[in-house]
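# A closer look at the structure
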Amino acid sequence: ELRGSIVINLDSVGAGRLSYLEHEGKVRKTKISTRMKRYLRMAVQATGIDVAASSCDWRDTPASVAARHGLQAVTIAGMEGAKPAYMGQGDDVLENIDESNLERTVDYVMNVVKNI
């Protein structure tokens, strides 16, 4: 039923540097497809928003599971170092969400979807 669908997983987009995960997965690593990279680049060109490439080889995300099942998938995350911002920390609270980060992420993701 999901044939042809695209999965965009959003993680910690309220803080950190907006990034897409090029490599992810704990045991069986997955890589985003060149098609997804093209959609991401087109959205960068359309919005002018700076988006970094990152990796998260120490955990599985919904996008890595979807990619292992043959779907086009990507995780877009607010990264702080090698992990999503504030993930699993005591200061992972509502007050640390930056509204401008959320607005940039919405603009970027909407442009990715428009390019599909």
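These numbers come from a predicted model, not from an experiment.

On to the overall build of the protein chain, then. Helices and strands together make up the secondary structure of the protein chain, namely three helices and six strands. In the protein chain, the order of α-helices and β-strands from amino to carboxyl end is β-β-β-α-β-α-β-β-α. In terms of overall dimensions, the protein chain is globule-like: its C-alpha atoms have a radius of gyration of 14 Å, near the 13 Å expected for 116 residues. Seen along its three principal axes, the alpha-carbon backbone of the protein chain occupies a region of about 40 × 35 × 25 Å. The buried share of the protein chain, reckoned over its 116 residues, is 38%. Pairs at least 24 apart in sequence give 86% of the contacts found in the protein chain among residues at least 6 apart. Total accessible area on the protein chain is roughly 6,700 Å²; 50% of this is exposed by carbon and sulfur atoms. If you average the places of the 15 positive and of the 15 negative side-chain charges in the protein chain, the two averages end up 13 Å apart.

Another point: a nonpolar patch on the surface. There is a patch of nonpolar side chains on the surface, built from Leu-94, Ile-97 and Leu-102 and spanning about 280 Å² of accessible area. Position of Ile-97 relative to the elements: it lies in the loop between strand 6 (83–84) and helix 3 (99–115). On the basis of relative accessibility, which here comes to 41%, the residue Ile-97 falls in the partly exposed class.

What follows concerns helix 1 (residues 34–47). Between the first and last C-alpha of helix 1 there are 20 Å, a value that for 14 residues agrees with the 20 Å anticipated at 1.5 Å per step. Of the residues making up helix 1, those classed as buried are Met-36, Tyr-39, Leu-40 and Ala-43. Buried residues of helix 1, viewed axially, fall in a sector of 95°; they line one side. Residues of helix 1 that are exposed and point over 90 degrees away from its buried face: Thr-34 and Gln-45. As for helix 1, its buried residues are in contact with strand 1 (6–11), strand 2 (17–24), strand 5 (72–80) and helix 3. Where helix 1 ends, the next residue or the one after it, Gly-48, has phi of about 75°, a positive value.

Parameters and conventions
- Residues numbered from 1 in each chain as written.
- Predicted model: local features only at pLDDT ≥ 70, side-chain atom pairs only at ≥ 80, totals over all residues.
- Heavy atoms only, no water.
- Helix = DSSP H or I, 4+ residues; strand = E, 2+ residues; numbered from the N terminus.
- Rg over C-alpha atoms; globule rule 2.2 N^0.38 Å.
- Buried < 20%, exposed > 50% of the residue type's maximum accessible area, 1.4 Å probe, protein only.
- Contact = heavy atoms within 4.5 Å.
- Areas by Shrake-Rupley, 256 points an atom, 1.4 Å probe, with all protein chains shown as cover.
- Lys, Arg positive; Asp, Glu negative; His and termini not counted.
- Charge placed at Lys NZ, Arg CZ, Asp CG, Glu CD.
- Patch = residues over 30% accessible without salt bridge, like charges linked within 9 Å, V, L, I, M, F, W, Y side chains within 5 Å.
- Salt bridge = Lys/Arg side-chain N within 4 Å of Asp/Glu carboxyl O.
- Expected span 1.5 Å × (residues − 1).
- Arc of directions from axis to C-beta.

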